[in-house]
Every structure is written in C-alpha cells, then in structure tokens.
Amino acid sequence: SFFGEGIIERRADFSLPDVLELERKDLLRFEKESCGLYLTGHPLNDYSTYINSINCQSVSDILSGKFPDKSAVTIVVLLNEMKLKNTKSGKSMAFLTVEDISESISVTVFPRQYTQSVEALNNSLVLKITGSVSEREDRPNEIVAEHIEAVQKPLSDFNKLYIRLDKNDPIK
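Residues numbered from 1 in each chain as written. Predicted model: local features only at pLDDT ≥ 70, side-chain atom pairs only at ≥ 80, totals over all residues. Heavy atoms only, no water.

S.K.: I would appreciate a short explanation of the overall build of the protein in the present structure.
M.R.: Tallying secondary structure elements over the protein gives four helices and five strands in all. The N-to-C order of helical and strand elements in the protein reads α-α-α-β-β-β-α-β-β. Buried positions account for 31% of the 172 residues belonging to the protein. The contacts in the protein between residues at least 6 apart in sequence include a share of 54% that link residues at least 24 apart. Surface accessibility of the protein: about 12,800 Å² in total, with carbon and sulfur atoms responsible for 52%. (Helix = DSSP H or I, 4+ residues; strand = E, 2+ residues; numbered from the N terminus. Buried < 20%, exposed > 50% of the residue type's maximum accessible area, 1.4 Å probe, protein only. Contact = heavy atoms within 4.5 Å. Areas by Shrake-Rupley, 256 points an atom, 1.4 Å probe, with all protein chains shown as cover.)

Right under this line is the structure:
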C-alpha cells in the first residue's frame, strides 16, 4: 500500500543497464531543458579563471542599476538566443539573450558590430561582450554591443585526465 503496509516484493534479478556517464556539457544542457535551471553547476563555472582575470561586470549588477545609462561594461556570458532582423537598408542586426551565473540580459547588436562579430555569434556559446548600458524606464536595462568575441575554454581549466585500461590486455 501507499504507507508501507502489506507485502513488499523484492526482485533479486533487477539491475540497471551499464551506460556511459554524460559529459558535463550535456548533463547541464539536459538540466536546463528539463528543469529550466542548472542543478549541478553552470557552464560558465569552467571559465571562472578567465572571468576573474579580466575586468568584467555581472549581469545582476547591470540590471540592478549599479551602472548608469551609457556606462561602458564588459560581460562574459553564455549565448541563449539570437534573433536576426533586417534593417530598412537591408543590413542584418541581432538581438541576443545572454546569461552569466547571476541572471539573463538582452543585448542589441547593430549592423556594423554584427558584421564584425558574425563568426563568433554563429560558432561560439561563450562570448565576451563589451558595450554600453541602455537604461529605459519601461523595461530592464540592456546592453548595446560594441565588440563581441568568442571565448575559448582556457587550457588551465582542464584538470582531469582519464585513462581507460582493458583488464584483459596485459600491461607491457
């Protein structure tokens, strides 16, 4: 029954299949997709050494109004969404939704910056964005991008080495 009364049947032949463990990036992606948040960490945790080595601001500080309108800011963020739009002159620009460990923020990328940054935007999930705060009364603060570059995972953050040996192969 529901409260533990009655007979409990035990199955000695029950076993879980032997499967490979998910890679960290896949595990985090599945957590975000299924729960709406990261449970075992954040993808940017792998970049903490780099983030701490440069002068960057947190998204929560930008949204809280700590930086006034038109203040220069630099953020290291995860790209969540990119919406492209053509201007009246036919040039492409982008509207991004990005997040750091604290919160999400919108970033506007005008045509000139989009043209300069299109490769980083299309090929990288972690970005370093330098721009200025756009403060509006009717919605949360945003960033107008001036420079966007891809951030590569630093080699110093690779701190584990896995070696798989087959127990049937003799070591020579």
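S.K.: Mind showing me how you'd approach the sheet that holds strand β4 (residues 126–134) here?
M.R.: An order of β1-β2-β3-β5-β4 is seen for the five strands of this closed barrel, with the pairing classed as mixed. Averaged over neighbouring strand pairs, the angle between their axes works out to 50 degrees when direction is ignored. Bridge count between β4 and strand β5 (residues 142–150): eight bridges; the pairing is antiparallel. Considered in β5, the bridge of serine 134 is made with glutamate 142. With respect to the sheet, helix α4 (residues 111–123) is in contact with β1 (72–86), β2 (92–99), β3 (104–109), β4 and β5, its orientation differing from that of β5 by roughly 50 degrees. (Pairing = 2+ DSSP bridges. Axes fitted to C-alpha atoms, helices over the stretch in contact; angles between N-to-C directions.)

S.K.: Which parts of the structure should I look at to understand helix α1 (residues 24–35)?
M.R.: An α-helical turn contains 3.6 residues, so a residue and the one three or four places further along point in the same direction. Here α1 is 12 residues long and its end C-alpha atoms lie 16 Å apart, about the 16 Å a rise of 1.5 Å per residue gives. Once α1 finishes, glycine 36 follows within two positions and takes phi at roughly 85 degrees, a positive value. (Expected span 1.5 Å × (residues − 1).)

S.K.: Would you explain the pairing of β4 in this entry?
M.R.: Looking down a regular strand, the side chains alternate between one sheet face and the other. In terms of burial, β4 is a largely internal element, eight of the nine residues being buried. In terms of strand pairing, β1 meets β4 through seven bridges, oriented antiparallel. Within the sheet, the bridge partner assigned to threonine 74 lies in β4 and is threonine 130.

S.K.: How should I be thinking about the nonpolar core in this particular structure?
M.R.: What tends to happen in soluble globular proteins is that the nonpolar side chains get buried as a cluster. With 22 residues, the main nonpolar core has Leu96, Val98, Val107 and Ile129 as its most contacted residues. Secondary structure elements with two or more residues in this core: α3 (59–63), β1, β2, β3, α4, β4 and β5. With residues up to four places along the chain from it excluded, the contact list for valine 107 reads Ala94, Phe95, Leu96, Val98, Ile129, Ile143 and Ala145. Listed in part, the nine residues of the second largest apolar core include Leu28, Tyr38, Val76 and Leu78. (Core = buried A, V, L, I, M, F, W, Y, C linked by side-chain atoms within 4.5 Å.)

S.K.: How should I be thinking about the environment of valine 59 in this particular structure?
M.R.: Here valine 59 is to be found in helix α3. The exposure class of valine 59 is buried, given its relative accessible area of 0%. A C-alpha to C-alpha distance of 9.9 Å links valine 59 and serine 106, two positions 47 residues apart in sequence. Setting aside its immediate chain neighbours within four residues, valine 59 contacts Val77, Asp100, Ser102, Glu103, Ser104 and Ile105.

S.K.: Honestly, the confidence of the model for the protein in this entry has me stumped. Any pointers?
M.R.: Low pLDDT means the predicted coordinates in that region are not meant to be read closely. Per-residue confidence for the protein gives a mean pLDDT of 86, with 86% of residues at or over 70. Mean pLDDT values for the elements of the protein range from 85 in α1 up to 96 in β3. (pLDDT = per-residue confidence, 0-100.)

S.K.: Can you help me understand the pattern of salt bridges in this one?
M.R.: Any two side chains of opposite charge can pair, on the condition that their charged atoms come close. In this structure the tally under the stated criterion is eight salt bridges. We note a salt bridge from arginine 29 to glutamate 33, for which the minimum N-O separation is 3.5 Å. Of this pair, arginine 29 and glutamate 33 both sit in helix α1, four residues apart, roughly one helical turn. (Salt bridge = Lys/Arg side-chain N within 4 Å of Asp/Glu carboxyl O.)

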